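Close look at the chain arrangement
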Amino acid sequence: MFARWLQRQWFEQRRLTPALWLLLPAAALFWLLASLRRRLIAPQRLPVPVVVVGNITIGGSGKTPLVLWLAECLRERGWRPGIVSRGYGSAGATPRPVDAASSHAEVGDEPLLLVRRGSAPVWVGRDRAAAGRALLAAHPEVDLLLCDDGLQHYRLARDVELAVFDGRGAGNGCLLPAGPLREPLARLRTVDAVICNGAVDPRLRANTRRFAMHLRPGPFYRLDRPDLTCAAEELAGRRLHALAGIGDPERFFRTLEALGLDFSRHPFPDHHAYSAADLAFAAAGTLLMTEKDAVKCAALTAREAWVLPVEAELPLALVELIEEKIRGRPLA
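Now for a look at the structure at hand. It should be emphasised that the depicted structure is a prediction, and the values quoted were computed from it without experimental measurement. Chains are numbered independently. Their residues run from 1 in the order of the written sequence. Local features in this predicted model are restricted to residues of pLDDT 70 or higher, and side-chain atom pairs are both shown and tallied only at a pLDDT of 80 or more, whereas totals for entire chains, interfaces and linings draw on every residue. The side-chain quantities take in all heavy atoms of the structure and omit both hydrogens and water.

For two strands to be treated as a pair, DSSP must find at least two bridges joining them. Here a strand is any run of E in DSSP of at least two residues, a helix any run of H or I of at least four, and the numbering for each starts at the N terminus. Ordered by their spatial adjacency, 8 strands build an open sheet running β3-β4-β2-β5-β1-β6-β7-β8, and the pairing between neighbours is mixed. Looking at which strands have only one partner, the edges of the open sheet turn out to be β3 (96–98) and β8 (210–212). Each strand axis lies, on average, 25 degrees off the axis of its neighbour in the sheet, ignoring direction. Bridge count between strand β2 (residues 81–85) and strand β5 (residues 144–148): 5 bridges; the pairing is parallel. In the strand pairing of β5, I83 is matched with L146. Sitting on the sheet, helix α10 (residues 317–327) touches β1 (50–54), β5, β6 (160–166), β7 (193–197) and β8, and the angle it makes with β6 is about 150 degrees. Axis definition: a line fitted to C-alpha atoms, over the contacting stretch in the case of helices. Angles run 0 to 180 degrees between N-to-C directions. Pairs of residues are marked as contacts when any of their non-hydrogen atoms sit within 4.5 Å.

Written out as structure tokens, the structure is:
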């Protein structure tokens, strides 16, 4: 409850509220510690190019669909990508591989979605450099690494940095905990491109290369039978309950509305660890959810539930920019 209230203060007010003014000293301390950490960490370069897909705001912004899109586009252009991730909430510090049967509690929800939706090998670990080395040792054919999140994980040297924003933009523009930023907006001067998943925040620097990303919904599939699909029209008229535990649940709800569906909203915090009690509201209805939520909910309900997949769409000029940057990388 407090987390949702705080995010509303950050993103909806677009200015400092009286309560957030009290957090400015803590934000200044956060900036100081983050700056010192960046200067003290020695980056570790891996023998293959590294592309980091991250953000400077807290919460999800569409990084995982972008990573899936990049992996597919790069594969079509002759690359053999692998993916590394922190694995939010995953247990243990030792790098580990992810497969379709992995537990989300052990590897995180997004890495599990990445391996189920894509064909690239995925490894997780708190130390992304160590996870990258472990992946390369297990998959010597991999010649490029995509890092899902990790813009602030400076131990991993990178050749390309992509910063992703959703329609909420930079919120009130303040650093944590007074605002949603993990780094100042000036950090965008050093990234290679900004990816806008929604409306463009006017504070994003005009001289930074920007690419628009659109998330295109596919047909729904049954949570317990992914081979069964249906169109939105087939769900119309039912008593529907939509849940979303992503960075901006309203983004999912707006997508459902655009599909012509009428439903009850049930937002949850990003990366929420669901229990069966959390889904009790759908006792007399049909559940709708994101793929990120689906990897955690499959064993929690016997109710009819449908999952909405999305595909990222971006200009191929982004892939061309990445390849151009990679060609000029220093030797490991």
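Past the structure itself, the notes keep going.
Bringing the layout of surface pockets into the picture now. A pocket, in this scheme, is an open set of points on a 1 Å grid over the protein atoms alone with protein on both sides within 12 Å along at least 5 of 7 lines, while a cavity is a set where a 1.4 Å probe fits but cannot get out; residues line either one if an atom lies within 4 Å of a point. Grid points are joined across faces, edges and corners, and a volume is the space filled by probe spheres set on the points. The computed volume of the second largest pocket comes to approximately 560 Å³. Along the wall of the second largest pocket there are 30 residues; nearest its centre are P65, L215, I246, R251 and V310. Listing elements by their share of the lining of the second largest pocket, those giving two or more residues are α4 (63–76), α6 (109–117), β9 (214–217), α8 (249–258) and α9 (291–297). When residue character is reported, Ala, Val, Leu, Ile, Met, Phe, Trp, Tyr, Cys and Pro are called nonpolar, Asp, Glu, Lys and Arg charged, and the others, Gly included, polar. Within the lining of the second largest pocket, the residues separate by chemical class into 11 nonpolar, 11 polar and 8 charged.

Now for the packing of α4 against α10. Relative orientation of the contacting elements α4 and α10 amounts to 70 degrees, with a least axis distance of 11 Å. Regarding the angle of α4 to α10, the classification is roughly perpendicular. Taken together, the residues of α10 that come into contact with α4 (itself represented by L66, W69, L70, C73 and L74) are L318, V319 and I322. Tallied by class, residues from the contact of α4 with α10 come to 8 nonpolar, no polar and no charged. Every angle not falling under 35 degrees, over 145, or within 65 to 115 is termed oblique; those three ranges are roughly parallel, roughly antiparallel and roughly perpendicular.

We now examine the nonpolar core. Joining through side-chain atoms within 4.5 Å is the link that ties buried Ala, Val, Leu, Ile, Met, Phe, Trp, Tyr and Cys residues into a set, and such a set is a nonpolar core. Type-normalised accessible area, obtained with a 1.4 Å probe on protein chains alone, sets the label of each residue: buried when under 20%, exposed when over 50%, and partly exposed for intermediate values. Counting residues in each nonpolar core, the largest one holds 37 residues, and the members touching the most others are L66, W69, L70, L146, L162, I195 and L318. Among the secondary structure elements, those contributing two or more residues to this core are β1, α4, α6, β4 (122–124), β5, β6, β7 and α10. Residues contacting L146, with those up to four places away along its chain left out, are V51, V67, L70, A71, L74, P81, G82, I83 and V84. Of all hydrophobic cores here, the second largest spans 36 residues; its members include W10, L20, L46 and L135.

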